[in-house]
Amino acid sequence: MTEPYVLMPFRFGPLPSGRMLLVNEAGEFLILEPRDFTRLLDYELTPGSSLFLDLKAKHFLTDTQVAPVVNLLATKYRTKKGFLKNFTGLHIVVVTLRCNQRCHYCHASSQDMYDTRWDMSVKTARNVVDKIMSSPCPSIKIEFQGGDALLNFEVVKTIVREAKRLNQKAKKDLSFVVCTNLTLLTPEILAYLKREGITISTSLDGPREIHDRHRVLRTGGGSYDLFLKNLALARQVLGHDQVNPLATLTRDSLPYLTDIIDEYVRLQFRGIFLRNINLYGYARSERYQESFRYPISEFVKAYKKALLYIIELNLKGVPLTEDFATILLSRILTPFSTGFMDLQSPTGAGIAGVVYDFNGDVYPCDEARMLAKMGDRRFYMGNVNRDSYLDIFTSPVMQEIVNKSCVEILPGCHSCPLQMYCGADPIRNYAMQGDLVGFRPTSDFCEKHKAILEFLLELLADNHPEVMDVFWAWITNRSLAEVRGICR
Amino acid sequence: MREAFGRPLGLKVPVMGVVTTRLPWRSRGKPLVYVVDRPEALKSLPFRLWSRRVLAALLTGPEMTETLFDGIPAVADLSPAELAELRDGDVVLIHPNGRVIVAYQTGSPHNCLFVTYRCNCLCVMCPQPPADDPEDLWEQNVRLLALLDPQEVTCLAITGGEPTLLGDRLVELVRLCRQQLPKATITLLTNARKLKNLEFAKALFKAGYPNLFLEVPLFGATDTEHDEVMGARGSFWDTIQALHHLALLGQPVGLRTVLHALTVPRLLPYAEFIYRNLPFVIQVAFMGMETMGLAEKNLDRLWLDPYDYREILAEAVRYLHRRLVPPLIYNHPLCVLTPEVRPFARNTITTWKQLYLPICETCGQRGECGGVFGTGVKVSAHLKPLPPS
């Protein structure tokens, strides 16, 4: 060996600030001045210098042993990919397509309130449970979706009862979530949810003017007032934190992001997930393009501003998390695996989560189900009434999805320094670009994640103690006071 | 008192026994060492026939009537103050030359089995450099274990030297501890190098489960830094490999580092390394240096006033606490720490080594503070009284 040290595998690229980002196979990063980066590559660093030891401690180089470093990196890589170990944990069951609302951007292709053809049958429900409980995953979450899941509540009850019965033997960590717009909630339903330990996932787009703009009842009129009334009721019965909302950000609501955040704070929600609108289902219709569609760069700009606003709120004593940043920060800052179905490599679709349509058809994710609804059954994995568990989860389409969603080998991703923090979405690639592998330079998905990850990395590089306290409060799910060590 | 000297009377071999200040009517079979602190105490001696049979020795104050000793081996002329420190249940080792060593102190959290003087490293700040073992060290420890009260002992450390050099005998000792002291947490202080042998690690884990806890020194984020402090090339990777074995087995492990000029400048990278590579450790202890032994010899190279590194220490503590890896501060008086990390400080200096300076007299937090090492040659120049907390 003529060089004074050996470089270990890592990926690199410049950040917007011009500094060089280095990330190794285990997701550890270091941000260097370009000058230092050149010296690293030219073998000009002095062994024993502070920079040299920083790089060595994070396994970007070694001047002593190589084999134990590789072993350590392998252990850490396995830990990071831990989400693959257990296979499918999230099982989304579409119990009906019927809905009492007709939201303008509905992804879920909701159907008329009284047309029971769109309900899941009890027989299909039993077969769904049978497939779910066949999963090797020790922790199973069953999420009821619609339409509005409350409109076929008998089937919800059947699935809960059957799953719990089978679980007496399977002994898995079993949990249930019901997705509902809340407007059809009754005290009887709430009592049942309470008794069975089921939580609620719902939708809130912001204050009344924003919420009611697109979330409208089929009978006409907005749903905001009914939502608020039933939210209070649900919290009273189930407990404050058992109801969690998602916001859909449309073009006409994006400029009012701080108002939306303030509304979440006002209603004392624990967190908010800022995500861009998915252009599937009705959201694709010509009529609303003006009010929905925005260039992804516009979303990123609004997101950054909103994130800084939320950090500031936290420092003022308002404990609100931003859940997307929390996931990405966990990926960047912790050595652990993070379960987030939408951003994994290989993709979480089918592996982390799966969707059972009302008729028993199985799809790797909701987007694949929408595509089928729009006439393209490209990602159909099988049907619970006809196919076995193994047939469904080892179907050719499932194998193809995995094959084409490993960022390690995807063109454009393979050398990206953000690879360890990112993931692939072959279904979206197919829907947007007509191909599972996709083309990164024109991909909204890539543009969004790259910009947000880089933004977070620059914030981390600044290493402002107050901001770091907020980030760690989010990651470790503690209050600011606890993170700072004041509360003990 | 950790040890004292008196005038030996009739001692031919070393004697180990349980201290008692009153002679019981009946004996429980363990050899007793009777503390005679006043002349009247000798009067009951002829009437306690059952406990007489297990009476191994007497420890007496000055000016006792030796004819009343009745032929029982004794160490006489110990000071009343020394005798007053002995409690029922303490275990003492008495040498024929009149040396009395307190091998176990009832109620103290600092008791340990000292199992070897040998070591496979030579740390630059070692307070007690390696040496050869006396022949009867093993037997003494086994005997000590047998004399302890299983209901009373809640913690016991196994230390050295490097205990793992005992090999299978360490496994045996740990098993013995667990069996004889079911209520005790057994803390093994080891550099863990030998535990890179998975079979050895497994045997140790099985012998000690669930009472065994390991505290392992790690001094840096790279072999360059760690091996230099340990004085042994290769020790870093041995220890890292061992730690991963132990994590795989589910063996609870804590880490410790000693703060001095070789470790302090890169304390934050050290904390970062722990979080990214060893996030399973259940605590990380930042320890003040005891300035004796090699630390005294290498003082010029090693000494940093704790007051001068208080910000760096606080940053490393904050870093780990944010990440749910519990940090602890050992061997530091509270007044040299920044206020926000004082809750992480623990009173860790062994009672007989503990020292409070005259300036500590007026301190309002003396009760919570562990003081400084009475055994060292150097203490911080910035000790000051604190207001009550």
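Residues numbered from 1 in each chain as written. Chains lettered and ligands numbered in written order. Predicted model: local features only at pLDDT ≥ 70, side-chain atom pairs only at ≥ 80, totals over all residues. Heavy atoms only, no water.

### Focus: the sheet that holds strand β12 (residues 212-217) of chain B
Residue and element names in this part refer to chain B. What counts is decided by this rule: The criterion for strand pairing is that DSSP finds at least two bridges linking the strands in question. Elements are defined by DSSP. Helices are runs of H or I of four residues or more, strands are runs of E of two residues or more, and each kind is numbered from the N terminus. Under this scheme, a helix contributes an axis fitted over its contacting stretch, all axes are lines through C-alpha atoms, and angles between N-to-C directions fall in the 0 to 180 degree range. Whether two residues are in contact is decided by their heavy atoms: any pair within 4.5 Å suffices.
Across the sheet, seven strands lie side by side as β9-β10-β11-β12-β13-β14-β15; this open sheet has parallel pairing. Because the sheet does not close on itself, it has two edges, and the strands there are β9 (112-114) and β15 (327-330). Each strand of the sheet is rotated relative to its neighbour by a mean of 25°, with strand direction disregarded. Bridge analysis of strand β10 (residues 155-159) against strand β11 (residues 185-189) gives four bridges, and the strand direction is parallel. Along β11, the bridge assignment pairs Cys155 with Thr185. Contacts from helix α7 (residues 235-249) reach β12 and β13 (253-258), with the element oriented near 160° to β12.

### Structural notes on the packing of helix α11 (residues 296-315) of chain A against helix α17 (residues 444-462) of chain A
Two packed helices can be described by the angle between their axes and the distance between those axes. Residue and element names in this part refer to chain A. What counts, and what does not: In these notes the angle categories are as follows: under 35 degrees is roughly parallel, over 145 is roughly antiparallel, 65 to 115 is roughly perpendicular, and the rest is oblique. Each crossing gets its hand from how the near helix is turned against the far one by less than a right angle, where anticlockwise is left-handed and clockwise is right-handed. Any residue that is not Ala, Val, Leu, Ile, Met, Phe, Trp, Tyr, Cys, Pro, Asp, Glu, Lys or Arg is counted as polar, Gly included; the first ten are nonpolar and the last four charged.
At a minimum axis separation of 10 Å, α11 and α17 run at an interaxial angle of 30°. One way to sum up the angle between α11 and α17 is to call them roughly parallel. In this structure, α11 meets α17 at a crossing whose hand is right-handed. Here α11 contributes Ile296, Ser297, Phe299, Val300, Tyr303, Lys304, Leu307, Leu308 and Ile311 to the contact with α17, which in turn contributes Asp444, Glu447, Lys448, Ala451, Ile452, Phe455, Leu456 and Leu459. In terms of residue class, the contact of α11 with α17 is made up of twelve nonpolar, one polar and four charged.

### Remarks on helix α3 (residues 67-80) of chain A
Selection criterion: How far a helix is expected to stretch is found by multiplying one less than its residue total by 1.5 Å. Partly exposed describes any residue whose relative accessible area lies between the buried limit of under 20% and the exposed limit of over 50%, with all areas from a 1.4 Å probe on protein chains only and scaled to the type maximum. As used here, the arc belongs to the directions running from the helix axis to the C-beta atoms.
Taking 1.5 Å per residue, 14 residues should reach 20 Å; α3(A) reaches 20 Å between its end C-alpha atoms and fits that length. Within α3(A) the residues assigned to the buried category are Pro68(A), Val69(A), Leu72(A), Leu73(A), Lys76(A) and Lys80(A). Projected onto a plane normal to the axis of α3(A), the buried residues spread over an arc of 140° and lie on a single side. Facing away from the buried side of α3(A), by more than 90 degrees, are the exposed residues Ala67(A), Asn71(A) and Arg78(A). Tucked into the core, α3(A) has its buried residues touching β3 (20-24), β5 (61-62) and α12 (323-333) of chain A together with α7 and α8 (267-277) of chain B.

### Thoughts on the pairing of strand β9 (residues 199-203) of chain A
Residues and elements named next belong to chain A. Bridging between strand β8 (residues 173-179) and β9 involves three bridges; their strand directions are parallel. Counted as the bridge partner of Val177 is Thr199 from β9. Here β9 runs beside strand β10 (residues 243-246); their pairing, made up of four bridges, is parallel. Bridge pairing in β10 places Ser203 opposite Leu246.

So, to be careful, I would describe these as geometric facts and stop short of saying anything about function.
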